[in-house]
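So you can see what is in the structure, the chains are spelled out below.
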Amino acid sequence: MTKAARGSLLGIEQLRAEEIAGLLKLARRMNPQKTRPLLRGKRVLLLFYEPSTRTRSSFEIAATSLGAITTLVQSSGSSIEKGESLLDTGYTLHGLGADVIVIRHPNAGAPLLMAQHLDIPVINAGDGMHEHPSQALLDAYTIVRHKKALKGLHVAIIGDIYHSRVARSAIHLLSKFGAMITLCGPPEFLPEVAATLAPGLHITRTVEDAIRGVDVIMLLRVQKERLAGMKISLQDYIARYQVTMARLKLAKKDALLMHPGPIIRGLELTGEVADCPQSVIVEEVRNGVPVRMAILARALGRAR
Ligand code: ASP
C-alpha cells in the first residue's frame, strides 16, 4: 500500500496513545484568542463534499488563528459538480499551492486515497461511516478537562452507533486509554461486530442500564429517515432511548452529557437535558478550535 503523506490525520485507529496524548497536550497550549503566526503564509484547503457547520468553521478559525490562509471548496458550486474525480480535485488543489487539505467526504477511505496520492498532509474531517478523528480528539480533550484522565472512566454511547463515524473514532480513542464503554441503541443500530471492536466494550438493552453509574454519556445523532428506513417509529425511539432528566439522574452526579451535534431536541434528548449544567455540548464546540489548531500545527510540522 502506498504510504499516506506525512503529517496526515486519517483516523484514530492507527494512532498510538502517546501520539494522541501529544496532540491533546499541544491543544492545551493553543489559544484561539491570541493569534500566533505559527502557520503564517500556509494555505489550508477545506474540501467539503458534505454539509458541515461546526467542523468546517472550527478548522477555519483554527487555521486563521495560526496565521494561515484558508480556502473553502464545496462540492456544490465547484468542478466536483461537473463530475471531476476526487483525485483530480486533489491534484488541482495541490497545483494551486495547498499546503494541507482538510477533507469531509461521504465515502469511507476518501481521505486515505488522497493522502496516498498527494505529498501534502490530508486531514480527515469525517469520511462516510468510517472515522471523525478531530471530533474524538476534541471529545477526549473535553472529558479530560473535567475528569483529569480517561483511564477507568465509564462512558455510555447512545444512539445510532452503526452509522456513526463519531462513535467509531470515540471507541478507538477511549479504549486505547483504558476507558470502559457501554453501547446502547436499537438493535438495528448496533452491529454485532461492535462487541469485537475493542476490549472493554459492552452492549446493554435498555438506556437505563447503559446510563446507570456512568461518568460520561455520549449521545449520537439519530436521523429520522434512518429510523423510518429501519421501521422504528419516532415515538418508540423516544420512549426507549431519549435521554430525559429522569434518565440522566441515573448517571453519576457529576456525569458529563456530550453530543457532537447537530442535536435534535425532543428526539435524542430533551431540551432540558441539552441545556442542563451537566451538558458540555457547547463546550465541545469551543474546544474544537484549540484541538484543530494542534492538528494543523502537527500536520505542517510546527508542533512546538
Ligand atoms: N457532525 C458529526 C459528523 O459529521 C455528527 C453527525 O453529523 O452525526 O459526523
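Because the structure is a prediction, the values reported are computed rather than measured.

Teacher, can you tell me more about the overall build of the chain here?
When its secondary structure is counted, the chain shows 13 helices and 9 strands. Rg of the C-alpha trace for the chain: 19 Å, near the compact-globule value of 19 Å for 304 residues, within the 12% margin. Along the three orthogonal principal directions, the C-alpha set of the chain runs to about 55 × 40 × 35 Å. Classification of the 304 residues of the chain by burial places 54% in the buried group. Of the accessible surface of the chain, which amounts to about 13500 Å², a share of 53% is contributed by carbon and sulfur atoms. Between the mean site of the 39 positive side-chain charges and the mean site of the 27 negative ones, the chain shows a separation of 8 Å.

What's the story with the domain arrangement of the chain in this structure? I'm lost.
Many authors give the size of an interface as the accessible area that is lost as the parts come together. Taken domain by domain, the chain consists of domain 1 (17-131 + 288-299) and domain 2 (134-284). Inter-centroid distance (C-alpha atoms) of domain 1 to domain 2 is 26 Å. Each partner contributes residues to the interface: domain 1 has 24 residues there, and domain 2 has 20 residues. The interface formed by domain 1 and domain 2 includes 1 salt bridge. Taken together, the connections running from domain 1 to domain 2 amount to 6 residue pairs in polar contact (both at pLDDT 80 or more). Counting residues per element, the ones that place at least two in the side of domain 1 that touches domain 2 are α1 (17-28), α2 (54-65), β3 (100-105), β4 (122-127) and α13 (281-299). Among the elements that take part in the side of domain 1 that touches domain 2, α1 stands out by supplying 7 residues, more than any other. Taken together, the residues of the side of domain 1 that touches domain 2 break down into 11 nonpolar, 6 polar and 7 charged.

Teacher, can you tell me more about the pairing of β3 here?
Successive residues of a regular strand alternate their side chains across the two faces of the sheet. Most of β3 sits out of view: 6 of its 6 residues are buried. Here β3 shows no split at all, with Val100, Val102 and Arg104 on one side and Ile101, Ile103 and His105 on the other all buried. The pairing of strand β1 (residues 43-48) with β3 spans 5 bridges and is parallel. Paired with Leu47 across the two strands is Ile103, which belongs to β3. This β-α-β element, β3 to helix α4 (residues 110-117) to β4, shows right-handed connectivity.

Would you mind showing me how to read the packing of aromatic side chains here?
We describe a pair of aromatic rings using the distance from one ring centre to the other and the angle between the two ring planes. In total, this model carries 1 aromatic pair according to the counting rule given. On the numbers, 5.2 Å between centres and 40 degrees between planes, the contact of Tyr237 with Tyr241 is tilted. Residue Tyr237 and its partner Tyr241 are both found in helix α10 (residues 234-241); the two are separated by 4 residues, about one turn of the helix. By relative accessible area, Tyr237 is classed as buried at 1%. If you follow Arg292 out to its NZ or CZ, it ends over the ring of Phe59, 5.0 Å from the centre.

Got a minute to help me understand the side chain of Arg165 in this structure?
Position of Arg165 among the secondary structure elements: in helix α6 (residues 165-176). Among the polar contacts made by the side chain of Arg165, one reaches the side chain of Glu50 at a distance of 2.9 Å.

Even after reading the chapter, I still don't get the site of the ligand, so can you show me in this structure?
Lining the immediate surroundings of the ligand are Arg104, His132, Arg165, Val166, Arg221, Gly261 and Pro262. Between the ligand and Arg104, the relevant distance is 3.1 Å, taken from an oxygen atom to a side-chain nitrogen or oxygen of the residue. Here the ligand loses 85% of its free accessible area of 260 Å² to cover by the protein chains. Of the residues belonging to the shell around the ligand, the class tally is 2 nonpolar, 2 polar and 3 charged.

Honestly, the packing of α2 against α13 in this entry has me stumped. Any pointers?
Between two packed helices, what matters for the description is the angle formed by their axes and the separation of those axes. The N-to-C vectors of α2 and α13 enclose an angle of 55 degrees; their axes lie 8 Å apart at closest approach. One element, α2, and the other, α13, form an angle in the oblique class. For the crossing formed where α2 meets α13, the hand is right-handed. Between α2 and α13, the contacting residues are Arg54, Thr55, Ser58, Phe59, Ile61, Ala62, Ala63 and Ser65 on the first element and Val285, Gly288, Val289, Arg292, Met293, Ile295 and Leu296 on the second.

Please clarify how the side chain of His259 should be interpreted in this entry.
Secondary-structure assignment places His259 in the loop between β9 (256-258) and α12 (271-275). On the basis of relative accessibility, which here comes to 1%, the residue His259 falls in the buried class. A distance of 3.1 Å separates a polar atom in the side chain of His259 from a polar atom in the side chain of Glu268.

What's the story with the sheet that holds β1 in this structure? I'm lost.
Strand pairing in a sheet takes place through backbone hydrogen bonds and is either antiparallel or parallel in direction. Spatially, β2-β1-β3-β4 is the arrangement adopted by the 4 strands of the open sheet, whose pairing is parallel. The open sheet has two edge strands, β2 (69-74) and β4, and neither has a second partner. Neighbouring strand axes in the sheet, compared pairwise and without regard to direction, differ in orientation by 15 degrees on average. Pairing analysis gives 4 bridges linking β3 to β4, with the strands arranged parallel. Following the sheet pairing, Val102 is matched in β4 by Ile123.

Calculation criteria
- Residues numbered from 1 in each chain as written.
- Predicted model: local features only at pLDDT ≥ 70, side-chain atom pairs only at ≥ 80, totals over all residues.
- Heavy atoms only, no water.
- Helix = DSSP H or I, 4+ residues; strand = E, 2+ residues; numbered from the N terminus.
- Rg over C-alpha atoms; globule rule 2.2 N^0.38 Å.
- Buried < 20%, exposed > 50% of the residue type's maximum accessible area, 1.4 Å probe, protein only.
- Areas by Shrake-Rupley, 256 points an atom, 1.4 Å probe, with all protein chains shown as cover.
- Lys, Arg positive; Asp, Glu negative; His and termini not counted.
- Charge placed at Lys NZ, Arg CZ, Asp CG, Glu CD.
- Domains from an automatic or database assignment.
- Contact = heavy atoms within 4.5 Å.
- Salt bridge = Lys/Arg side-chain N within 4 Å of Asp/Glu carboxyl O.
- Polar contact = N/O pair within 3.5 Å; in protein donor to acceptor, adjacent residues only side chain to side chain.
- Nonpolar A, V, L, I, M, F, W, Y, C, P; charged D, E, K, R; others polar.
- Pairing = 2+ DSSP bridges.
- Right-handed = clockwise from strand over helix to strand, strands pointing away.
- Phe/Tyr/Trp six-rings, centres within 6.5 Å; stacked < 30°, edge-to-face > 60°.
- Lys NZ or Arg CZ within 6 Å of the ring centre and 35° of its normal.
- Near = heavy atom within 4 Å.
- Axes fitted to C-alpha atoms, helices over the stretch in contact; angles between N-to-C directions.
- Parallel < 35°, antiparallel > 145°, perpendicular 65-115°, else oblique.
- Left-handed = near helix turned anticlockwise from the far one by under 90°.

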